[in-house]
Amino acid sequence: MTTELHVLAWGCILALVHIFAAVRVKTQQYGTKWNTGARDEALPPPDKPIVGRLARAQANFFETFPLYAAGALIVVVAHLNNRWTAIGALLWIAGRVVYLPLYALGVPVARTIAFLVSLAGIIMVLRPALMAVFH
């Protein structure tokens, strides 16, 4: 299996980490009854900033994860993967792994750098597919 697909699999695990981290702190904030209920009621703003931070980190992950997944699948299926797409995949996952705790802790500049590293990784993965258009 290619590096890009290994990273995609680990990205799925990271997605679960995002989901469970966000719901864990939200359950601590609003209680088990909220978690096991229908969640129909409007919730008051959270007392703890980490509740909102983890929800936003999760939303950010799920905005960019499909882009990485599509890129990885495109280059693998089209046999366009190479050393640079593998490096891009590793940059993407490393940036995303670092992003979550930085966002949870409220570290602004480093969090943005981690996001930009992950974005650069996506671009590196997509580059061969985009450049193939011009050949």
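Everything discussed here concerns the structure shown above.
As a convention, each chain's residues are numbered from 1 in the sequence order in which they are written. Local features in this predicted model are restricted to residues whose pLDDT is 70 or higher, and side-chain atom pairs enter the listing and the counts only when it is 80 or higher, whereas totals over whole chains, interfaces and linings include all residues. The basis for the side-chain values is all heavy atoms of the structure; hydrogens and waters are excluded.

In this section: the nonpolar core. In this text, buried Ala, Val, Leu, Ile, Met, Phe, Trp, Tyr and Cys residues form a nonpolar core when linked through side-chain atoms within 4.5 Å. Burial status follows relative accessibility: with a 1.4 Å probe on protein chains alone, a residue under 20% of its type maximum counts as buried, one over 50% as exposed, and anything between as partly exposed. By size, the foremost hydrophobic cluster in this structure holds 17 residues, and its most contacted members are Val-7, Phe-61, Tyr-68 and Trp-92. The helix count covers DSSP runs of H or I at least four residues long, the strand count covers runs of E at least two residues long, and both are numbered beginning at the N terminus. Of all the secondary structure elements, the ones that give two or more residues to this core are α1 (3–30), α3 (49–77), α4 (83–105) and α5 (108–132). Top contributing element to this core by residue count: α3, with 7 residues. Within the second largest apolar cluster, 11 residues are counted, among which are Ala-22, Ala-57, Leu-100 and Ala-104.

Take the packing of aromatic side chains next. Here a Phe, Tyr or Trp ring, Trp counted by its six-membered ring, pairs with any other such ring whose centre lies within 6.5 Å, and the pair is stacked when the planes are under 30 degrees apart, edge-to-face when over 60, and tilted otherwise. All told, the structure shown has 7 aromatic pairs when counted by the stated rule. Arranged with centres 5.2 Å apart and planes meeting at 20°, the rings of Phe-61 and Phe-65 form a pair that is stacked. A residue pair is termed a helical-turn pair when its members lie 3 or 4 positions apart in one helix, as Phe-61 and Phe-65 do in helix α3 at 4 residues. Assigned by exposure class, Phe-61 and Phe-65 land together as buried. Where Phe-65 meets Trp-92, the ring centres are 5.8 Å apart and the plane angle is 20°; that geometry is what we call stacked. A residue pair is termed long-range when its members are at least 10 positions apart, and Phe-65 in helix α3 and Trp-92 in helix α4 qualify at 27 residues. One exposure class covers both Phe-65 and Trp-92, and it is buried. Three or more aromatic residues joined by ring pairs make a cluster, and in this case those are Phe-61, Phe-62, Phe-65, Tyr-68 and Trp-92. Only when the NZ of Lys or the CZ of Arg is both within 6 Å of the ring centre and within 35 degrees of the ring normal is a charge said to sit over the ring. Against the face of Tyr-99 rests Arg-96, its NZ or CZ located 4.4 Å from the ring centre. One cation-aromatic arrangement involves Arg-111 over Tyr-103; the distance from NZ or CZ to the ring centre is 4.2 Å.

In short, the description is geometric, and any link to function would need to be established separately.
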